[in-house]
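# Survey of secondary and tertiary structure
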Amino acid sequence: MTAAPPGRTATVEGALAASGLDPARAEVRLRELGLWADDGPGPDAMDLVELVSDAASPEDALHVMAELAARQPERYAGMRADSAWCRRVVALAGASRPLGDLLARHADALDGLRDPGAVDAAEVARQVSAGLAAAEGRDARASAVAAIRRRTTAAIAARDLTGAVDVEEVGRDLARLAEGVLAGTVEALHAEIGGRTPAARLAIIGMGKLGGEELNYVSDVDVIFVHEPTGGAAGAGAEGEQAARDEAQRAFGALLQLLNASTTMGRAYEVDPTLRPEGRDGPLSRTVQSFVTYWERWAETWEFQALLKARPVGGDRALGERLLAAAERFVFPEQLDPDAIARVRDMKGRVQSKHEVVRHGARQLKLGPGGLRDIEFAVQLLQLVHGRADRTVRARGTLPALAALARGGYVARDDATTFADAYRELRRVEHRLQLAHERRTHTVPDDPEAEERLARSLGFRPVGDEPARSAFLGHLRRVQADVRGLHAKLFYRPLLEVHAAVPASDAALVDAGTAMPQEAAVTRLEALGFRDGRGVLRDLQALTAGVSRTARTLRVVLPAMLHAFADSPDPDAGMRALRTLVESHAGDGTLVAALRDQPPAADLLARLLGTSEVVGELLISQPQGIEWIADAEARALPRDRDSLATAALGMLRWQSDLAGRQAVLRRFKRRELARIVVRDLGGDSPVSVVGGELTALGEACLEAGLAAVLQELGAGGDRSGAPADIAVVGLGKLGGGELHYASDLDVVFVHEPVPGADDTAANTFAMDVAERVLTSLSAVTAEGTAFEVDAELRPEGRSGPLSRSLGSCRVYYERWAQPWEHQALLKGRHVAGSRRLGRAFIELARAHAYPADFGRAEVTAMRKMKARIERERIPKRSDPARHLKLGPGGLSDIEWTVQLLQRRHGWREPLVRTTSTMGAIDALQDAGVLDVRDAEWLRDGHRFLTRVRNRLYLLRQHDVDSLPTSAPVVEKLARSLGYGRGGRQHLEADQLRHSRRVRRVTERLFYGLSR
């Protein structure tokens, strides 16, 4: 082992190396500082080593300290005695070689770190004016301004690096410094050029990061220039306008030359005026009116986006404010062209396709994926959309704007916090990068030494064998991943297009207490189509009052929903239902989050609530319904009978008693009914699918209800231990698979003793089961009903036993059944319980439903029965022509005509033996019994009448069998069916057309068939 040189022990050498110093070079520096004697370093030496060890580059920090001792010994001594001053110098020297060199060479820069405070733009402007007055010659003047900028930058950086200020304050200080330089320079130059009687008033508008008060250490200073003749634009005349234009050109041109000039002190700023109208091809300065003319005719969307950050920073501030006031209606128009959103997104894509971004990828902090521009573009796009109606989000800085968007509910608070934290982190990295060499860069270096220095400047330190850069790069990747995810969520949010299409005045309705006078709000609401503007306004105010997350979010989504409500059949009822629904979901953010993040869901909910009270009631009792509204895929496909039955049976297994099973079954029915209704009113289900889904739900409830009763009576899940097999056969619309919302479940119970069981015990057990199933499904409880189950179509009706054995059914239908009972068997279909027994009953039923000897007597009996039903069941005071079920051309005409044809031809045409009315029409046409026109008229009539009856149920009409006589109700019905405003007459005309066609077929085929 090589011995350490004299005066340097292995322990000291290790301490120097551990501090990030090269031991040999450190010894030289410390000897120069007089802190290292022949016998080794003194206590002061090790104190200094400890101090520089915390710098980004201990070597650079120690080098600057040595330079200071040599060049400014008195200040060095004073600085070493002032620990705070010394820490600032060391931090700056270790993080920035150019600024460290500035401290070593210029006493005023070093003095500026003694007790630095926040930058005062007015004080900077005073220093610039004085510096320009004292210096002679263009180079000297440019150098004087650059020196002020650099030494003030050093003071800002020292406070930044020692943690005295956060990244936001750093950006503000840098912006105030640039503002002071611009203000002082334009004031001095304009005084020289314009003299005592200037021809023009001049103003400088800060853009970009300067305007947003979030400037970087090394950044372009984006500006636009504006001027006016001193006599005012109206009274200046052509000569005065030309003089003002020339003076502005000279003054602003001189400013650009002075501040952009390279000097021994570097450059003051790279001032960039290319954001002006027409860019480099346009005049350097314009009047306010010239700006307005350009904005009206030629400006692009990105130019208005750039004006989001604009603020006066120099010259005549009143003139600058006048320009910004004129710009406001262009940046925040009453109605925003949705294409503007696409153009902003397209611009973002072009920025990210630049070669520099592609080459450096994630190392490019500004333009790369998950970079600063992802945050800035997302925030600015949200501002352009929502700032039209909400002035609070028109903040110039990215972080203030993001905070305002969160307060307004336009961005979720958690998302805003994540975005803001990421923005601060990325800006900190960007600042440290630029400080290192006082060079404009946004790219993380791929050199390990430079990476390590950057990581250390950000506070990362080696851990074990892992260098500081490892932890830093991992942290940076996580931040960028967060930004990428949120940028995709916010920047491409469909809600933006929806809001862009909403006039700003309508958006103001949701905050009528401040944004719009109450009377004006009421008038506007009634103009949109609400009947009771005051009542709707009360609902709006109740929904958006306060500072809760729900209220903030609703202020965002309601403007677009108002238009969807206005287009619904009953806008006022829809708004009331929304208020009730939101209040019922208090504390649960699922509803408002879905409305905020998925505009189609908000639009659908408004249409649903404005159409049907039933929807609101179902969604209140079934919160899962919100998921079906928000997730189109979840509601896209109907659920079949078996999957529903499996789900219902699975829910029952967790219940220990019959009451619990009944309650669960009712909740299951409401949940699935909510899904069916949402699909129906949302336009996802034709009427035939609705009927099939309702049938599947009815069968699932019967299957589950039967299982629950059997379990209660001690029969196992496999029904072992029961003395009888039991089957449930569906009749009527249940058997036909074409239930309406208001339909009962018409059923027949049939049983058969199991081998070895006593017939009496089997009969008693089966009737007990049947009675319990009827009661458990039909009973009204706190959870509502599952289904109304009707067993009156059983043999002997109400007088007969609830369940019969298969043999008893066979005897009854052979000996005593009435013709209408045989007709009812056309619809017989197994729906629950024993499949074997159910199939046996259907074989029995078909022999009676499709007799070989169907003749005149049977036709006459059907006609008489139909006439009797219509005579007895159409209410006395009702107009038969408006009765959708039993009136001329109603559903009864279709069903009885089809059933007569089925009974007449079914014995020799197996194809027509189907329980479905619509299926039977198709089969009768295929068999040549119905011609194409008759089949088409019957099908169209069945679909139309079924849709109308279903919709009447969803509109909460007590009588779903008759077309209402109230004109407002018919109008609401028409709109709910898609006829639009004023569609009442079209609906009634369609009803008359369908009924006439159906009646023509019925009169010929039902009443004239036997002639």
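Before going into details, it helps to say that this report is about the structure given with it.

Conventions adopted
Residues numbered from 1 in each chain as written. Predicted model: local features only at pLDDT ≥ 70, side-chain atom pairs only at ≥ 80, totals over all residues. Heavy atoms only, no water. Helix = DSSP H or I, 4+ residues; strand = E, 2+ residues; numbered from the N terminus. Contact = heavy atoms within 4.5 Å. Buried < 20%, exposed > 50% of the residue type's maximum accessible area, 1.4 Å probe, protein only. Pairing = 2+ DSSP bridges. Polar contact = N/O pair within 3.5 Å; in protein donor to acceptor, adjacent residues only side chain to side chain. 1 Å grid on protein atoms, 1.4 Å probe; cavity = no way out; pocket = protein on both sides within 12 Å on 5 of 7 lines; lining within 4 Å. Points joined across faces, edges and corners; volume = space filled by probe spheres on them.

Quick look at the side chain of Q305 now. Within the secondary structure, Q305 sits in helix α15 (residues 301–306). If near-sequence neighbours (up to four positions away) are discounted, Q305 is found in contact with V344, F377, Q380 and L384.

It is worth spelling out the environment of R428 at this point. Structurally, the position occupied by R428 is in helix α21 (residues 413–437). When the C-alpha atoms of R428 and A779 are compared, they prove to be 68 Å apart, with 351 residues separating the residues in sequence. Sequence-distant contacts of R428, defined by excluding residues within four places in its chain, comprise V167 and L458.

Moving on: the pairing of strand β11 (residues 745–753). By the criterion of burial, β11 is predominantly enclosed, with 7 of the 9 residues buried. As paired strands, strand β10 (residues 724–730) and β11 are joined by 7 bridges and run antiparallel to one another. Of the residues in β11, the one forming a bridge with G730 is V747. For β11 and strand β12 (residues 789–790), the ladder comprises 2 bridges, and the chain directions are parallel. In the sheet register, D746 faces β12, and the bridge partner there is D790. Pairing analysis gives 3 bridges linking β11 to strand β13 (residues 803–805), with the strands arranged parallel. The residue of β13 that forms the bridge with H751 is S805.

Let us look at the side chain of S803. Mapped onto the elements, S803 comes out in strand β13. The exposure class assigned to S803 is buried, which follows from its relative accessible area of 4%. A polar contact is formed between the side chain of S803 and the side chain of H751, at a distance of 2.8 Å. Not counting residues up to four positions away in its chain, the partners in contact with S803 are F749, V750, H751, A766, M767 and A770.

So, about the layout of surface pockets. Here the largest pocket is characterised by a volume of approximately 1200 Å³. D746, L793, I869, R873 and K885 are, among the 32 residues lining the largest pocket, the residues nearest its centre. Mapped by element, the contributors of at least two residues to the lining of the largest pocket are α37 (732–736), α40 (819–824), α42 (856–873) and α43 (891–905). A per-element tally of the lining of the largest pocket places α42 first, with 5 residues. Its boundaries defined by the atoms lining it, the second largest pocket holds a volume of some 990 Å³.

All right, on to the pairing of strand β14 (residues 829–833) then. The buried count for β14 comes to 4 of 5 residues, which makes it a mostly enclosed element. In the sheet, β10 pairs with β14 via 4 bridges, with the strands oriented antiparallel. Across the sheet, G730 pairs through a bridge with R829, a residue of β14.

The values reported here are purely geometric and, on their own, carry no functional implication.
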